[in-house]
Amino acid sequence: METEEIKSKLENIFREVFTDPSLKLDGGLTANDVDGWDSLSHMLLISEVEKEFSIKFRLSDLNKMRNVGDMMDIIVTKL
Amino acid sequence: MPEYTFREATENDVDYIVQAIIEAEKSGTDILSYSRIFDLPEQEIRDLFHQMLLEGIDGCEFSIASYIVAVQNEQIAGTIGAWVENKEHPSSLVKANLLGYYLPRNSLLHASAYSTVLSELNIDHVKGALSFVTVYISPEHRGHHLFEQLADMHIRRNPGIRELSIQLMSNNYYAIKSYERYGFEKCLELKSSNELILTLLPFNEKILMNKRLK
């Protein structure tokens, strides 16, 4: 799967979880940049990403993620 | 006065810490928010907490390293969980990673229905502050100033810290009085008028208290 395709799928998930159809993803995006990115929405986000890409993050993967770019890098390693 | 000693918690203390988290969450009621929000029986929640604490992830209430315990006659008498809130990466996400890793997807989907109402009482931890989250003293050891001594020890192991913060439900009157005696002041109060909140949380009002250190 190409990086752009991963980004596009992720963007759709983010827009749905955070109910913001205009949300644009970039690698540096963090929880501080998105309204409503709290603990509950974070759990849902991770769960939706795992479902969409048919992957399962390790706990160590999750704890390394500091922004969307980190998330994309880890997804790539699992596809 | 009984003799107490104070030390950092270890994996051997995990059962007491789980009990402390549960009692602190219930805030003197029978409502365990995790059980209600994720639609799981209390015993399953206890088992989850046990597993999460043993993961050894630092920086949230499910981190053994966050806890200091008071001990008397080799029995734990009380504990406080506290950490310095990271300025870049919120502890709420560290906790969410642990919960999300262990909770079944159905529980997460169940919880998603409550996202909006729960956000009405959401208070972020204060960045850079020593954040006290789980405070629990066993009933038979109350009245011996263990809160103050445990808090003092947390401060000593975090030299340079300039602010303490704590958030709790407003119905926890005795705890609020105890924190005020220690120098905490209320700095934020949130109230939800949504009736659903009282089916999920022990109370519909939450406060943030802080104390500046010299």
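Below is a summary of the structure that appears in this document. (Residues numbered from 1 in each chain as written. Chains lettered and ligands numbered in written order. Predicted model: local features only at pLDDT ≥ 70, side-chain atom pairs only at ≥ 80, totals over all residues. Heavy atoms only, no water.)

1. A short note on the overall build of chain A
In terms of regular secondary structure, chain A is built from four helices and zero strands. Listing every helix and strand of chain A by position from the N terminus yields α-α-α-α. Taking 2.2 N^0.38 as the reference for a compact globule, 79 residues should give roughly 12 Å; the C-alpha atoms of chain A span a radius of gyration of 11 Å, in line with that estimate. In terms of its C-alpha atoms, chain A occupies a principal-axis envelope of roughly 30 × 25 × 20 Å. Just so you have it, chain A exposes about 4,100 Å², and 45% of that area is on carbon and sulfur atoms. (Helix = DSSP H or I, 4+ residues; strand = E, 2+ residues; numbered from the N terminus. Rg over C-alpha atoms; globule rule 2.2 N^0.38 Å. Areas by Shrake-Rupley, 256 points an atom, 1.4 Å probe, with all protein chains shown as cover.)

2. Things to note about the layout of surface pockets
In this model, the second largest pocket occupies a volume close to 160 Å³. Around the second largest pocket sit 17 residues that line it, and Trp37, Met65, Arg66 and Asn67 of chain A together with Leu93 of chain B are the ones nearest its centre. Breaking the lining of the second largest pocket down by element, the ones donating at least two residues are helix H4 (68-78) of chain A together with helix H4 (91-102) of chain B. Split by residue class, the lining of the second largest pocket holds nine nonpolar, six polar and two charged. (1 Å grid on protein atoms, 1.4 Å probe; cavity = no way out; pocket = protein on both sides within 12 Å on 5 of 7 lines; lining within 4 Å. Points joined across faces, edges and corners; volume = space filled by probe spheres on them. Nonpolar A, V, L, I, M, F, W, Y, C, P; charged D, E, K, R; others polar.)

3. Topic: the packing of aromatic side chains
Residues and elements named next belong to chain B. Tallied over the full model, the rule gives 15 aromatic pairs over all chains. Judged by centre distance (6.1 Å) and plane angle (75°), the rings of Tyr34 and Phe62 are edge-to-face. Pair noted here: Tyr34 is in helix H2 (residues 33-38) and Phe62 is in the loop between helix H3 (42-53) and strand S2 (67-72), with a separation of 28 residues, a long-range link. The buried category is assigned to Phe62, whose relative accessible area is 0%. Every member of this aromatic cluster is reached through a ring pair, and the members are Phe132, Phe147, Tyr179, Tyr182 and Phe184. The lysine or arginine in question, Lys211, covers the ring of Tyr182, its NZ or CZ lying 4.1 Å from the ring centre. (Phe/Tyr/Trp six-rings, centres within 6.5 Å; stacked < 30°, edge-to-face > 60°. Buried < 20%, exposed > 50% of the residue type's maximum accessible area, 1.4 Å probe, protein only. Lys NZ or Arg CZ within 6 Å of the ring centre and 35° of its normal.)

4. Considerations on the nonpolar core
Leu10 and Phe14 of chain A together with Phe38 of chain B are the most contacted members of the largest nonpolar core, which totals 71 residues. Filtering out sequence-adjacent residues up to four positions away, Phe38 of chain B remains in contact with Leu40 and Met43 of chain A together with Leu103, Ser107, Leu108, His110 and Ala111 of chain B. Within the second largest apolar cluster, 28 residues are counted, among which are Phe132, Leu168, Tyr179 and Met209 of chain B. (Core = buried A, V, L, I, M, F, W, Y, C linked by side-chain atoms within 4.5 Å. Contact = heavy atoms within 4.5 Å.)

5. Digging into the sheet that holds strand S1 (residues 5-8) of chain B
Residues and elements named next belong to chain B. Strands sit in the order S1-S2-S3-S4-S5-S7-S6 across an open sheet of seven strands; the sheet is mixed. The open sheet has two edge strands with one neighbour each: S1 and strand S6 (185-191). Geometrically, the sheet is characterised by an average inter-axis angle of 25° between neighbouring strands, direction not taken into account. By the bridge criterion, seven bridges tie strand S3 (residues 75-84) to strand S4 (residues 130-137) in an arrangement that is antiparallel. Its bridge partner being in S4, Trp83 is matched across the sheet by Ser131. Helix H1 (residues 14-26) rests against S2, S3 and S4 of the sheet, and its axis sits at about 100° to S4. (Pairing = 2+ DSSP bridges. Axes fitted to C-alpha atoms, helices over the stretch in contact; angles between N-to-C directions.)

6. Observations concerning the interface of chain B and chain A
For an interface, size is often stated in terms of accessible area lost upon the parts coming together. Contacts between the two partners involve 23 residues from chain B, matched on the other side by 20 residues from chain A. Overall, the association of chain B and chain A removes approximately 1,900 Å² of surface from exposure, summing both partners, and the carbon and sulfur fraction of that is 64%. Per-residue buried area on chain B facing chain A is highest for Asn97, Tyr101 and Arg105 of chain B; these three make up 32% of the total on that side. The interface formed by chain B and chain A includes one salt bridge. Between Glu48 of chain A and Arg105 of chain B there is a salt bridge; the shortest N-O distance is 2.9 Å. For the pair chain B and chain A, the number of links is six residue pairs in polar contact (both at pLDDT 80 or more). Mapped onto the side of chain B that touches chain A, the elements with two or more residues apiece are H4, helix H5 (105-112) and helix H6 (115-119) of chain B. (Buried area = accessible area lost by both parts, 1.4 Å probe. Salt bridge = Lys/Arg side-chain N within 4 Å of Asp/Glu carboxyl O. Polar contact = N/O pair within 3.5 Å; in protein donor to acceptor, adjacent residues only side chain to side chain.)

7. What about unusual backbone geometry?
For Thr19 of chain A, which is not a glycine, the phi torsion comes out positive at approximately 40°. Here Thr19 of chain A is to be found in the loop between helix H1 (3-17) and helix H2 (39-53). Look at Asn73 of chain B: it is not a glycine, yet its phi comes out positive at around 50°. Counting through the fold element by element, Asn73 of chain B comes out in the loop between S2 and S3.

8. Quick word on the pattern of salt bridges
Across all of its chains, the model carries 14 salt bridges over all chains by this definition. Between Arg7 of chain B and Asp13 of chain B there is a salt bridge, with the nearest N and O atoms lying 2.8 Å from each other. The buried category is assigned to Asp13 of chain B, whose relative accessible area is 5%. Each member of the salt-bridge network shares a partner with another, and the members are Arg58, Asp61 and Lys78 of chain A.

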